[in-house]
Amino acid sequence: MVHLRGAVALLGRFPALAGVDLDIDRRRIVLLRGPNGAGKTTLLRTLAGLVHVSEGEAVVLGVDLLTDRRSVRQRVGLLAHTTGLYDELTVADNVAFWARAARAERSDVDAAMARLGLDGRLRTVPVGRLSAGQRRRTSLACLIARRPELWLLDEPHAGLDQEGRDLVDQLLREATAAGATVILSSHELDRSLQLADEVVTLSGGVATRDS
Amino acid sequence: MVHLRGAVALLGRFPALAGVDLDIDRRRIVLLRGPNGAGKTTLLRTLAGLVHVSEGEAVVLGVDLLTDRRSVRQRVGLLAHTTGLYDELTVADNVAFWARAARAERSDVDAAMARLGLDGRLRTVPVGRLSAGQRRRTSLACLIARRPELWLLDEPHAGLDQEGRDLVDQLLREATAAGATVILSSHELDRSLQLADEVVTLSGGVATRDS
Amino acid sequence: MIRDALLVAGKDLRLEWRSRVALNQVAPFALLVLVLFAFALDPDRGLLEKATPGLYWVAVLFSGLLALQRSFSIESADGNRDALRLSGLDPAGIFLGKVMAVGLQLLALEVLLGIGVAVLYTTPITGWILLLVTAMVATVAIAAAGTLYGVVAAGLRVRETLLPLLLLPVLAPVLIGSTRAFEAALGGTPSEGWPWVGLMGVIAVLYIVAGVFGFGPLMEES
Amino acid sequence: MIRDALLVAGKDLRLEWRSRVALNQVAPFALLVLVLFAFALDPDRGLLEKATPGLYWVAVLFSGLLALQRSFSIESADGNRDALRLSGLDPAGIFLGKVMAVGLQLLALEVLLGIGVAVLYTTPITGWILLLVTAMVATVAIAAAGTLYGVVAAGLRVRETLLPLLLLPVLAPVLIGSTRAFEAALGGTPSEGWPWVGLMGVIAVLYIVAGVFGFGPLMEES
Amino acid sequence: MIPQTPTEVTGPASTGSRATRVLGLLALVALGVLVLFGLILSPADASQGESVRIMYVHVPSATVAYIGCFLTTLGSIIYLWRKSRWWELVAYAGAEVATLFTVITLVTGMLWGRPTWGVYWVWDARLTSTAMLLLLLLGYLAVRRLPADYEVRAKRAAIVGLLLVPNVMIVRKSVDWWRTLHQKPTLLSNGLDSKIEGLMLFSLFTGFIAISLVFGWLIVHRFRLAWLEEQVESEGLDIAIAERRAEALIGEVAP
Ligand code: HEM
Ligand SMILES: Nc1ncnc2c1ncn2[C@@H]1O[C@H](COP(=O)(O)OP(=O)(O)OP(=O)(O)O)[C@@H](O)[C@H]1O
Ligand SMILES: Nc1ncnc2c1ncn2[C@@H]1O[C@H](COP(=O)(O)OP(=O)(O)OP(=O)(O)O)[C@@H](O)[C@H]1O
Ligand SMILES: [Mg+2]
Ligand SMILES: [Mg+2]
């Protein structure tokens, strides 16, 4: 699924990834951890095909990121800190737009919203008026409606309440059961160490795999 | 320090606080918890004097919020999800501007930045290029340089690494030791239940105190 | 591509429908510009009348600029660009969709300004066909060039200043062309106007082609 | 208050120094507006020369608008308004600081446009004192009114469209006044210009006072 | 611990080479010859008097400005196509030098206009289109100098640069149908006939050669400078990576 060898990624002139080696198999849940500024977000964005790999090898879902980033993008789903949602559109409009852009079915859209508890009053609230956690849920709904092959989640538990956190864990387990692969970053180790099959520690732009 | 009785706060037409009763003494660390959309953020913003209380009683730091919100603001410190930092200015410029706006000393500014690990390479990085956790640290540095009497923190642990989380706990304990009062919201119960002296659960815009 | 374009145009128009920014703000601004010009020039009838086509198009240009800025301020939310890149939408489709949405709003503005000009400056209107075709072609040219340069300026927190700088010199020929065509139409010599329409058609095609091919690389970077 | 004003002005100018937006984008745009007007009007000598003062001030207004938008786009980061309200900065100080920073940039723009007009339209320049005083007073009026209304439009995600709408009608008297004063100065009859300067002085004072007292409540809302 | 910024790394210190020094020398010599012929040896024009001497700078400057624009568009196309940094820098150098020569054309033209037409500026087709050209170039440079990362700036500037020449042509064409006061093409359309007298013609050719040499010299140097900056940056990269990795070791000591 994912194969990196000595991958270097520059943000401006700064080597946010300074030679990352990483191999991940299908159907695994992998946790990225490490201090602030270690490069976790950058690694996830790189795997999503958003950041240019300037040196080394990088293959994701069988696609070489050095030559073709665009075809990877439609097959992964990234939950980022920034949501890209349109503040003035309602929750339902937003989920519908982003999911249908990725060619999801109408029924998937409704199912995703119901799953995240967005089917009641919140449906017609403009996204700009949501609470932090509700916003995050909207973002997650867009993601699951797309049914990506590779899930990339940047601190997926952040901002969610207890029930939301359990729901995320469950969604990720279901995704791997359905054949997808999951990579998440997190600072909440208690919960994510339990969830993950493998743990990778990032620090100073370099990855080490924990036994 | 804080006295609310039947406090109602409207966001648009939505009663985000629907009659909150709350009494908090000096030097306490109080945890607000509750599901997404419960009104935690709104409560913190209300106490900071940013949201208008339309019914009930509300007295913070001896000031009646219904008649005078402005004089409360300078005496509280709010750590919000949105940081208000200027992306194009460096970390040092930002902290200096916001801290000096609140009449902090130069030395406090430097001390605050050192405390949060922002005194090395990061000093001169524009804030727009920071990682999520680094940005959060910058925001915290602005806050501690101000030395507020009442600390209001919206999910202060979110985005920080393990060391940063410990640091936050330590900073809050120091603050109460120095006479300040702390109210924080959090979804990370393990850590915050240990930290807090009191726990208040919010739900549907109403507060209940846990024994 | 067409499907994506319609999706994007639909989203933009729905957003406008919910927020009514163009209706409540851009349209009054357009009228305002007309009035302002009347102020700036001596309120001397002869001068105003002579300059009407030029002023009309300058007013369209400035208020079109606002509509364009709005069209990109919609997309300026944090992370929106990433979201679009990951969305699977065809970049050419996004481009065409935004051109369509902006173009429709521009047409509405032009009608409004036309009425304004007719009333404020009491210009007698002749040469309908030329006027209409000119307006259509100029609208497409403005929307296409504006959308292409809009994305060049987008996402950098300098949109407000960069977009006009890039756009106005490019649109100067459109301004000249549409002004001359209008003059020809109102002056009763339509045959002089058609070559200008052709010129604007060339510009419109140039920018549509540049946009369809260039939008992908532009969204690609970093 | 003065301390806060200097702090804010310093911050704005430092930001401009780091990003060079006004220098690289607003200044070229100002020149552009001049050239555009010449396009729109027939390139007929008499008309252009007669209209020079008016065009100069319309150009100042439009590019000043950009400078103002930039000044508020700086403050448009998520939560910036809350941060300012909590900062302990005196609202009057914030207002004056932003007026100072914008005013300085406007003055630089006016000098640039002045050179542009003198050269492009070959206007002979007379009545220096009146010209300078007019420019100073008009600058203060534009900066003060712009900053006051800027904060009204700020933080509503519709800044680009709302600000011009609010601002242009308010500044119409300044536009007329400064145009008439310039005409008087260039026409060799300065005595006719001074009453206009007085009028603009009144407007400037009015807006400064309104800003000093009104900025607090304006930042207050919700 | 303040890390070394990449610019402090020493690299090749010069932007010159033997060839460019020769080029520079030739340019200087040609300029000298131009001054000699243009200001001293060539006669004053029958109708325009001494001011005709401006032509020897004015006309060649306009021509090389066009060449600069062409380089920019060409470089932009190749950059977009092949992702070649080399060509991107050519485009950038072309635009900067073209801007300079456009300004020279404008200034010399205006200085010339005063004695010939009685005014510095008229809204004539060629003059207006030259002003527009300057603005288009300024737009390109504004994008190229955005406060953002190299890739971002380069790609966006390339799209603007790609459209530079077509835009210039359109502006040109559209204003050509307007009224014209400026000199109609004299050199090529009429051949080398009696309109321009021998010594003047020779001076003009000297002007072309001198200005072209200066143009070439400037382009080469501007390009070299940008290229060296690039080199220095990529040399700084290894150091930056080592420093970045060192952060990791510190991190592991105190997790
Ligand atoms: C600001 C004022 C002026 C500007 C911007 C300007 C611009 C230009 C430009 C861009 C060209 C190159 C045209 C081409 O090759 O397509 C040119 C050529 C020329 N200009 Fe000017 N010009 C100005 C004033 C003048 C004046 C006052 C004169 C003399 C009366 C003059 C005489 C010429 C001549 C003789 C040529 C060569 C024409 C040819 O052979 O193609 N220019 N000018
Ligand atoms: N243009 C730039 N110049 C200098 N440093 C940069 C630049 N862009 C990014 N960085 C740095 O690159 C690193 C990016 O880290 P990234 O966002 O991947 O961290 P992270 O592991 O996700 O951290 P966090 O836990 O805080 O989210 C940070 O150290 C940041 O300061
Ligand atoms: N204008 C509005 N119209 C309708 N509902 C609104 C409006 N503004 C806010 N709300 C609602 O008010 C509530 C605000 O909750 P608040 O942000 O205080 O929640 P929270 O407890 O901080 O939640 P979280 O844990 O997700 O951060 C949300 O339910 C939100 O949907
Ligand atoms: Mg991160
Ligand atoms: Mg909240």
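Nothing here was measured: the structure is a model prediction, and the numbers come from that model.

Visitor: What exactly am I supposed to notice about the overall build of chain A here?
Guide: Counting secondary structure elements, chain A contains seven helices and 10 strands. Oriented by its inertia axes, the alpha-carbon framework of chain A measures out at about 50 × 35 × 35 Å. A total of 211 residues make up chain A; the buried ones form 63% of that total. For chain A, the proportion of contacts with a sequence separation of at least 24, taken over those separated by at least 6, is 68%. For chain A, the accessible surface area stands at approximately 7500 Å², while carbon and sulfur atoms represent 46% of it. Once the 28 positive and 27 negative side-chain charges of chain A are each reduced to a mean point, those two points are 4 Å apart.

Visitor: What exactly am I supposed to notice about the sheet that holds strand S7 (residues 150-154) of chain B here?
Guide: Hydrogen bonds along the backbone pair up the strands of a sheet, which may run parallel or antiparallel. Residues and elements named next belong to chain B. The six strands lie next to each other as S6-S7-S8-S3-S9-S10, forming an open sheet whose pairing is mixed. In this open sheet, the two strands that pair with only one neighbour each are strand S6 (76-79) and strand S10 (206-209). Strand-to-strand, the axes of this sheet are offset by a mean angle of 20°, without reference to chain direction. As judged from the four bridges shared by S6 and S7, these two strands associate in the parallel manner. Within the sheet, the bridge partner assigned to Leu79 lies in S7 and is Leu153. Packing against the sheet, helix H1 (residues 40-47) makes contact with strand S3 (29-33), S6, S7, strand S8 (181-185) and strand S9 (198-203), and its axis sits at approximately 155° to S7. The strands touched by helix H5 (residues 132-146) within the sheet are S6 and S7, with S6 carrying the most contacts at an inclination of about 175°.

Visitor: Help me understand the UniProt feature "transmembrane region" (unreviewed entry) in chain E in this model?
Guide: Residue and element names in this part refer to chain E. Summarizing the sequence annotation, UniProt attributes the feature "transmembrane region" (unreviewed entry) to residues 22-44, 64-82, 89-112, 118-142, 154-171 and 199-220 in the numbering used throughout. Secondary structure content for residues 89-112 is 100% helix and 0% strand, and the end C-alpha separation is 34 Å. End C-alpha to end C-alpha, residues 154-171 measures 25 Å, and it is 94% helix and 0% strand.

Visitor: Quick question: what am I supposed to make of the site of ligand 3 here?
Guide: Taken together, 17 residues form the shell around ligand 3, and within it Ser131 and Gly133 of chain A together with Lys40, Thr41 and Thr42 of chain B come nearest. Residues within reach of ligand 3 are spread across chains A and B. Within the side chain of Arg121 of chain A, a nitrogen or oxygen atom sits 3.4 Å from an oxygen atom of ligand 3. Between ligand 3 and Ser131 of chain A, the relevant distance is 2.6 Å, taken from an oxygen atom to a side-chain nitrogen or oxygen of the residue. In the complex, the protein chains occlude 92% of the 650 Å² of accessible area that ligand 3 would expose alone. Residue assignment for the shell around ligand 3 shows that the elements contributing at least two residues are helix H5 (132-146) of chain A together with H1 of chain B. Looking at the shell around ligand 3 residue by residue, the classes come out as four nonpolar, nine polar and four charged.

Visitor: Help me understand the packing of helix H2 (residues 55-82) of chain E against helix H5 (residues 150-162) of chain E, please; the structure alone is not making it clear to me.
Guide: Any two packed helices are characterised by how steeply their axes cross, that is the angle between the axes, and by the distance between the axes. Residue and element names in this part refer to chain E. The contact between H2 and H5 brings their axes to 8 Å, and the two run at 125°. If you check the angle between H2 and H5, you find them oblique. Note that H2 runs across H5; the crossing there is left-handed. For the pair formed by H2 and H5, the contact residues are Thr72, Thr73, Ser76, Ile77, Tyr79 and Leu80 on the first element and Glu151, Ala154, Lys155, Ala158, Ile159, Gly161 and Leu162 on the second. Broken down by class, the residue content of the contact of H2 with H5 amounts to seven nonpolar, four polar and two charged.

Visitor: What exactly am I supposed to notice about the pairing of S9 of chain B here?
Guide: Each regular strand displays side chains that alternate between the two surfaces of the sheet. All names here are of chain B. Among the six residues in S9, five count as buried, and that is most of the element. For S9 and S10, the ladder comprises four bridges, and the chain directions are antiparallel. Residue pairing for S10: Ser203 is matched across the bridge by Val206. Linkage of S9 to S10, two consecutive antiparallel strands, is achieved through a turn of two residues, within which Gly204 is found at a positive phi near 55°.

Visitor: Just to check I follow, could you spell out the interface of chain B and chain D for this structure?
Guide: Interface size is often expressed as the accessible area that is lost when the parts come together. Taken together, the contact pairs 25 residues of chain B with 29 residues of chain D. Between chain B and chain D, the buried area comes to about 2400 Å², and carbon and sulfur atoms account for 56% of it. Across the contact surface, chain B and chain D share five salt bridges. A salt bridge links Glu88 of chain B to Arg70 of chain D; the nearest nitrogen and oxygen atoms lie 3.3 Å apart. On inspection of chain B and its partner chain D, the count reaches 11 residue pairs in polar contact (both at pLDDT 80 or more). Split into classes, the residues belonging to the side of chain B that touches chain D amount to 11 nonpolar, five polar and nine charged.

Visitor: Explanation requested: the packing of aromatic side chains in the structure shown.
Guide: Taken as a whole and assessed by the stated rule, the structure comprises 21 aromatic pairs over all chains. With 5.8 Å between their ring centres and 0° between their planes, Tyr86 of chain B and Trp98 of chain B make a pair best called stacked. Taken together, the residues Tyr86 of chain B in the loop between S6 and helix H3 (91-101) and Trp98 of chain B in helix H3 connect sequence positions 12 residues apart. Across the pair, exposure class does not vary: Tyr86 of chain B and Trp98 of chain B are buried alike. Here the aromatic residues Trp86, Trp87, Phe223 and Trp227 of chain E are joined through ring pairs into a cluster of three or more. Seen from the ring of Phe72 of chain D, Lys98 of chain D lies directly overhead, with NZ or CZ sitting 5.6 Å from the centre.

Visitor: Mind showing me how you'd approach unusual backbone geometry here?
Guide: Only a minority of non-glycine residues have a phi that is not negative, and only a minority of peptide bonds are not trans. The residue Arg103 of chain A is not glycine, and still its phi comes out positive at about 65°. Here Arg103 of chain A is to be found in the loop between helix H3 (91-101) and helix H4 (106-115).

Visitor: What is the right way to look at the pattern of salt bridges in this model?
Guide: A side chain with one charge can pair with a side chain of the opposite charge if their charged atoms come near. Residue and element names in this part refer to chain A. Taken as a whole, this structure holds 52 salt bridges over all chains when the rule is applied. Between Asp169 and Arg191 there is a salt bridge whose closest N-O contact spans 2.9 Å. A residue pair is termed long-range when its members are at least 10 positions apart, and Asp169 in helix H6 (residues 162-177) and Arg191 in helix H7 (residues 189-195) qualify at 22 residues. Here Asp169 falls in the buried class, since its relative accessible area comes to 9%.

Visitor: What am I meant to see in the nonpolar core here?
Guide: Grouped burial of nonpolar side chains is what soluble globular proteins tend to show. Among the nonpolar cores identified, the biggest contains 276 residues, and Trp151 of chain A, Trp151 of chain B together with Leu148, Tyr149 and Tyr207 of chain C are the most heavily contacted of them. With 16 residues, helix H7 (residues 159-186) of chain C is the largest single contributor of residues to this core. Residues contacting Tyr207 of chain C, with those up to four places away along its chain left out, are Phe95, Ala144, Ala145, Leu148, Tyr149 and Val170 of chain C together with Leu163 and Asn167 of chain E.

Visitor: Would you mind showing me how to read helix H8 (residues 194-220) of chain D here?
Guide: Owing to its 3.6 residues per turn, the α-helix aligns residues three or four sequence positions apart on the same side. Residue and element names in this part refer to chain D. For H8, built from 27 residues, the straight-helix expectation of 39 Å at 1.5 Å per residue is met to within 8% by its first-to-last C-alpha distance of 38 Å. The largest bend in H8 amounts to roughly 50° and is located at Gly214, with the proline Pro217 lying one to four residues further along. Those residues of H8 not exposed but buried are Val197, Met200, Ile203, Ala204, Tyr207, Gly211, Phe215, Gly216, Met219 and Glu220.

Visitor: What is the right way to read the sheet that holds strand S8 (residues 181-185) of chain A from this model?
Guide: Residue and element names in this part refer to chain A. Taken in spatial order, the six strands line up as S6-S7-S8-S3-S9-S10 in an open sheet, and their pairing is mixed. Strand pairing shows two members of the sheet lacking a second neighbour, strand S6 (76-79) and strand S10 (206-209), which therefore form its edges. Shown here is a sheet whose adjacent strand axes are inclined to one another by a mean of 20°, direction ignored. On the sheet, H5 packs against S6 and strand S7 (150-154) and is oriented at approximately 175° with respect to S6.

The rules behind the values
- Residues numbered from 1 in each chain as written.
- Chains lettered and ligands numbered in written order.
- Predicted model: local features only at pLDDT ≥ 70, side-chain atom pairs only at ≥ 80, totals over all residues.
- Heavy atoms only, no water.
- Helix = DSSP H or I, 4+ residues; strand = E, 2+ residues; numbered from the N terminus.
- Buried < 20%, exposed > 50% of the residue type's maximum accessible area, 1.4 Å probe, protein only.
- Contact = heavy atoms within 4.5 Å.
- Areas by Shrake-Rupley, 256 points an atom, 1.4 Å probe, with all protein chains shown as cover.
- Lys, Arg positive; Asp, Glu negative; His and termini not counted.
- Charge placed at Lys NZ, Arg CZ, Asp CG, Glu CD.
- Pairing = 2+ DSSP bridges.
- Axes fitted to C-alpha atoms, helices over the stretch in contact; angles between N-to-C directions.
- UniProt positions renumbered as here; feature names shortened; annotations may be inferred.
- Near = heavy atom within 4 Å.
- Polar contact = N/O pair within 3.5 Å; in protein donor to acceptor, adjacent residues only side chain to side chain.
- Nonpolar A, V, L, I, M, F, W, Y, C, P; charged D, E, K, R; others polar.
- Parallel < 35°, antiparallel > 145°, perpendicular 65-115°, else oblique.
- Left-handed = near helix turned anticlockwise from the far one by under 90°.
- Buried area = accessible area lost by both parts, 1.4 Å probe.
- Salt bridge = Lys/Arg side-chain N within 4 Å of Asp/Glu carboxyl O.
- Phe/Tyr/Trp six-rings, centres within 6.5 Å; stacked < 30°, edge-to-face > 60°.
- Lys NZ or Arg CZ within 6 Å of the ring centre and 35° of its normal.
- Core = buried A, V, L, I, M, F, W, Y, C linked by side-chain atoms within 4.5 Å.
- Expected span 1.5 Å × (residues − 1).
- Bend = angle between axes of the 7 residues up to and from the residue.

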